[in-house]
Amino acid sequence: MASLILSPAEQDYIIRGVESGFRADGRGSLDRREVSLRTGMISQANGSARCRIGNLGVGTDVLVGVKAE
């Protein structure tokens, strides 16, 4: 697995953000993003699911399908 290298400026930004409770998207330190999970999203797959975390366009959207023969 590749290691992530952050510049000193990036490290400082993250540390100061955590210390002050700042998040770039405006959420508080204890605020969570909405999570949704739906199955059966791909009709041609034997199994599939879509997981959304946060708002569309701002959060994370994962679509996965499995085809077994």
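An account of the accompanying structure is given in this report. Not measured: the values here are computed from a predicted model. Residue numbers here run from 1 along each chain, matching the order of that chain's written sequence. Local features in a predicted model are, by the rule used here, given only for residues with pLDDT of at least 70; side-chain atom pairs are given and counted only at 80 or more, and totals for whole chains, interfaces and linings are based on all residues. Note: side-chain values were computed over all heavy atoms of the structure, leaving out hydrogens and water.

Re the pairing of strand 1 (residues 35-39)
As a general feature of sheets, a regular strand has side chains that alternate between the two faces.
Stage number 1. The buried fraction of strand 1 amounts to zero of the five residues, a small share that puts the element mostly on the outside.
Stage number 2. Relative to strand 2 (residues 47-53), strand 1 runs antiparallel, the two sharing five bridges. By the bridge assignment for strand 2, Leu37 is matched with Cys51. Each residue is placed in one exposure class: buried if its accessible area under a 1.4 Å probe, protein chains only, is under 20% of its type's maximum, exposed if it is over 50%, and partly exposed if it falls in between. A run of DSSP states H or I qualifies as a helix once it reaches four residues; a run of E qualifies as a strand once it reaches two. Both are numbered from the N-terminal end. Being paired, for any two strands, means DSSP has found at least two bridges between them.

Thoughts on the side chain of Ser48
Stage number 1. Following the sequence through the fold, Ser48 ends up in strand 2.
Stage number 2. Two N or O atoms count as a polar contact when they lie within 3.5 Å, although within protein this holds only if one can serve as hydrogen donor and the other as acceptor, and sequence-adjacent residues are included solely when both atoms are side-chain atoms. At 2.8 Å, the side chain of Ser48 and the backbone nitrogen of Met41 are in polar contact.
Stage number 3. In terms of polar contacts, Ser48 uses its side chain to reach the backbone amide nitrogen of Ile42, at 2.8 Å.
Stage number 4. Whether two residues touch is decided by their heavy atoms; if any such pair falls within 4.5 Å, the residues are in contact. The contacts of Ser48, once residues within four sequence positions are left out, are Arg38, Thr39, Gly40, Met41, Ile42, Val64 and Gly65.

Focus on the sheet that holds strand 2
Stage number 1. With antiparallel pairing, the three strands of this open sheet are ordered in space as 1-2-3. The open sheet terminates on both sides in strands that have one partner only, identified here as strand 1 and strand 3 (60-66). For this sheet, the mean inter-axis angle between neighbouring strands, taken without regard to orientation, is 10°. Lines fitted to the C-alpha atoms define the axes, with helices restricted to the stretch that makes contact. Angles between their N-to-C directions range from 0 to 180 degrees.

Comments concerning the environment of Cys51
Stage number 1. Position of Cys51 relative to the elements: it lies in strand 2.
Stage number 2. On the basis of relative accessible area, Cys51 is assigned to the partly exposed category, the value being 23%.
Stage number 3. Considered as a pair, Cys51 and Leu37 are 14 residues apart in the sequence and their alpha carbons are 4.5 Å apart.
Stage number 4. Among residues more than four places away in sequence, those in contact with Cys51 are Val35, Ser36, Leu37, Thr60, Asp61 and Val62.

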